[in-house]
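The chain contents come next:
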Amino acid sequence: VKDGTVVGKGHHAKAGLPHAEPMALDDAGEAAKGADLYVTLEPCCHHGRTPPCTERIIAAGIRRVYYSTSDVTGDGIGGHAVLEQAGIETEAGLLDDEAAEIYVPFNWHRRHSTPYGILKMAMTLDGKIGPAEPGQHWLTGDESREYVHRLRNECDAVMVGSVTARVDDPQLNCRLPDGRDPVRVVVASKCDVASRARAIKSDSDAPCVVATTELAPMQLRTELENAGAEVLVLPSDEGRVDLASLWKALGQRGLLSVLIEGGPTLAASALEAGIVNKLALLYAPRIIGDVAARSAFGGPTGLSAEDVEVRSIEMLGPDILVEAYPCSRD
Ligand SMILES: NC(=O)c1ccc[n+]([C@@H]2O[C@H](COP(=O)([O-])OP(=O)(O)OC[C@H]3O[C@@H](n4cnc5c(N)ncnc54)[C@H](OP(=O)(O)O)[C@@H]3O)[C@@H](O)[C@H]2O)c1
């Protein structure tokens, strides 16, 4: 920013690509000289997958740097001091609460090398995913659907169980203008998903991963690979994909956050496996009142009421969004 005008902008798209600072400095060109730099994370001063941002900032002749939050996890610590030593006025703490929220998945991944898991589930007020009759049932309204697309845009990957992939045939893309499609992950222990399913064969450039086990016949694996999916063979847990191993594998691929979109069987076992950091529960203003109708969590979750902390309740049009956090994953 120079004389109250934004002269350059940048953002860090993903690991290995340039950080926001060099992008903004490239965008500003000569105008960067004497300008102020506003950035969410403390500029890094180390040689990682990209060169240190502090070197570029100093070379560009930036006058002052304002950043929101420090890199609490290690690699970037020290950028502040390097800038000050170079005579650049540097201030931390601008909008730090808002920035800390953005960096939750990043910091989680840095500490644990696994993705931050967000489990979304839509249900009626009596906790059902729809009437007992089979088929896809839309419960929630436009505002909730837009919220889910915002989550898909923010998360690096979206994951469903094999039954949802078969029955609902979801596209699992982000349909917001300028939205980013997440990596699609289908959990199918025997590769029992048609290669023409929209979760597999998609117009999206985002990759598709089918998480499976040795139980999957070779022919089905090959069909999915020929359709463009990566078939990831993982250890099994009672005949199903071991979710902890899957989480490690997704973390190794640099995926910081995964949106778990169910259905109820996968939702319950994701909680039980301890891979859920945050629950995004959407309640539609309907009551099914049928014991035969399926509940949102279709099995043991390993959680008791005290294990979950509700931190926010919000109306999304006619629906209620409850954001809750399993305490063990804080
Ligand atoms: N309300 C909502 O927000 C929402 C969201 C999504 C879906 N749905 C609905 O949910 C229904 C489908 O749900 P569902 O419960 O029948 O199936 P699901 O959760 O979509 O898929 C479960 C299947 O995933 C596979 N899987 C592999 N490893 C697993 C593991 N570790 N844990 C759990 N599952 C594993 C298993 O099949 P394999 O034997 O093939 O491995 C398992 O049967 C559909 O009616 C859909 O419309 C609702």
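Our structure is the block above this text.
The structure presented is a predicted model; accordingly, all values stated were derived computationally and were not measured. Sequence order as written defines the numbering, with residues in each chain counted from 1. Selection of residues for local features in this predicted model requires a pLDDT of at least 70, selection of side-chain atom pairs for listing and counting requires 80 or more, and totals for whole chains, interfaces and linings are taken over all residues. As a convention, hydrogens and water are excluded, and side-chain values are obtained from all of the structure's heavy atoms.

**Considering the pairing of strand β5 (residues 157-161)**
In terms of burial, β5 is a largely internal element, five of the five residues being buried. Side chains of β5 alternate between two faces, with Ala157, Met159 and Gly161 and Val158 and Val160 buried alike. At least two bridges found by DSSP between two strands is the condition for calling them paired. Note on conventions: DSSP H or I runs of at least 4 residues are helices, E runs of at least 2 residues are strands, and numbering of each starts at the N terminus. By the bridge criterion, five bridges tie β5 to strand β6 (residues 183-187) in an arrangement that is parallel. Within β6, the position partnered with valine 160 by the bridge is valine 186. When the strands point away from the viewer, a crossover counts as right-handed if the path from the first strand over the helix to the second runs clockwise. You can see the chain leave β5, run along helix α7 (residues 162-167) and come back into β6, and the turn it takes is right-handed. In this sheet, strand β11 (residues 257-260) lies alongside β5 in parallel orientation, the contact comprising three bridges. What sits directly across from methionine 159, in β11, is isoleucine 260. Only protein chains enter the accessibility calculation, which uses a 1.4 Å probe. A residue is then buried if its area is under 20% of the maximum for its type, exposed if over 50%, and partly exposed in between.

**Section: the pattern of salt bridges**
Put simply, a salt bridge is a Lys or Arg side-chain nitrogen that is within 4 Å of an Asp or Glu carboxyl oxygen. One pass over the full model with this rule turns up 13 salt bridges. Across the pair glutamate 261 and lysine 120 runs a salt bridge whose closest N-O atoms are separated by 3.8 Å. Linking glutamate 261 in the loop between β11 and α10 (264-273) with lysine 120 in strand β4 (residues 116-124), this pair joins segments that are 141 residues apart in sequence. The pair glutamate 261 / lysine 120 is uniform in exposure class, with both members buried. The partner of arginine 198 in a salt bridge is aspartate 169, and the shortest N-O contact between them spans 3.8 Å. Here the residue arginine 198 occupies a position in the loop between β6 and β7 (208-212), and aspartate 169 occupies one in the loop between α7 and β6, the gap between them amounting to 29 residues.

**Description of the side chain of glutamate 261**
Looking at glutamate 261, the relative accessible area reads 11%, which means it is buried. Excluding residues within four positions of it along the chain, glutamate 261 makes contact with Lys120, Val148, Arg152, Val158, Met159 and Val160. Two residues qualify as a contact provided that any one of their heavy atoms is within 4.5 Å of a heavy atom in the partner residue.

**Let's talk about the site of the ligand**
Every one of the 24 residues lining the ligand counts as a neighbour, but Ala122, Thr164, Ser189, Thr265 and Ser269 are closest to it. In protein, a polar contact means a hydrogen-donor-capable atom and an acceptor-capable atom, both N or O and within 3.5 Å, with residues adjacent in sequence counting only if both atoms are side-chain atoms; elsewhere, any N or O pair within 3.5 Å suffices. Backbone polar atom of valine 241 to a nitrogen atom of the ligand: 2.8 Å apart, as the coordinates give it. Mapped onto the shell around the ligand, the elements with two or more residues apiece are β4, α7, β10 (240-241) and α10. Top contributing element to the shell around the ligand by residue count: α10, with four residues. For this scheme, ten residues count as nonpolar: Ala, Val, Leu, Ile, Met, Phe, Trp, Tyr, Cys and Pro. Four count as charged, namely Asp, Glu, Lys and Arg, and the remainder, Gly too, count as polar. Within the shell around the ligand, the residues separate by chemical class into ten nonpolar, eight polar and six charged. Proximity is defined per residue: if any heavy atom of the residue lies within 4 Å of a molecule or strand, that residue is considered near it.

**Some remarks on the sheet that holds β4**
Across the sheet, nine strands lie side by side as β8-β7-β6-β5-β11-β4-β12-β14-β13; this open sheet has mixed pairing. This sheet does not close on itself; its edge strands, each paired only once, are β8 (230-233) and β13 (308-316). Between one strand and the next, the sheet's axes are offset by a mean angle of 20°, whatever the strand orientation. Pairing between β4 and β11: four bridges, direction parallel. Looking across to β11, one finds that isoleucine 118 is bridged to leucine 259. Here, axes are lines fitted to C-alpha atoms. For helices the fit covers the stretch in contact, and angles between N-to-C directions go from 0 to 180 degrees. Where helix α6 (residues 142-154) meets the sheet, it contacts β4, β11, β12 (278-284), β13 and β14 (319-326), and its direction lies at approximately 160° from that of β12.

**Topic: the packing of aromatic side chains**
Any two of the Phe, Tyr and Trp rings considered here, Trp counted by its six-membered ring, make a pair once their centres fall within 6.5 Å; the pair's planes then place it as stacked at under 30 degrees, edge-to-face at over 60, or tilted in between. Within the structure shown, the criterion is met by three aromatic pairs. Consider the rings of tyrosine 38 and tyrosine 66, whose centres lie 5.0 Å apart with planes at 15°: the pair is stacked. One end of the pair, tyrosine 38, is in strand β1 (residues 36-41); the other, tyrosine 66, is in strand β2 (residues 64-69), and 28 residues separate them in sequence. The class of tyrosine 38 is partly exposed, set by a relative accessible area of 46%. Here the guanidinium or amino end of arginine 145 rests over the ring plane of tryptophan 138, the centre of that ring lying 4.5 Å away. Definition used: whenever NZ (Lys) or CZ (Arg) falls within 6 Å of the ring centre and also within 35 degrees of the ring normal, the charge is taken to sit over that ring.

**Structural notes on unusual backbone geometry**
Cis rather than trans, the peptide bond between glycine 262 and glycine 263 has omega equal to 0°. Here glycine 263 is to be found in the loop between β11 and α10. For serine 113, which is not glycine, the phi dihedral falls at a positive 60°. Tracing the backbone through its elements, the reader meets serine 113 in the loop between α5 (104-112) and β4.

**Thoughts on a nonpolar patch on the surface**
Exposure above 30% relative accessible area and the absence of a salt bridge qualify a residue for a patch, where like charges join within 9 Å and nonpolar side chains (Val, Leu, Ile, Met, Phe, Trp, Tyr) within 5 Å. In these tables, accessible area is a Shrake-Rupley quantity obtained with a 1.4 Å probe, and a residue counts as shielded only by the protein chains included in the view. Residues Val1, Val6, Tyr38, Leu94 and Leu95 make up a contiguous nonpolar surface patch of about 450 Å² in total accessible area. Along the chain, valine 6 turns up in the segment before α1 (20-28). Look at valine 6 and you get exposed, because its relative accessible area is 52%.

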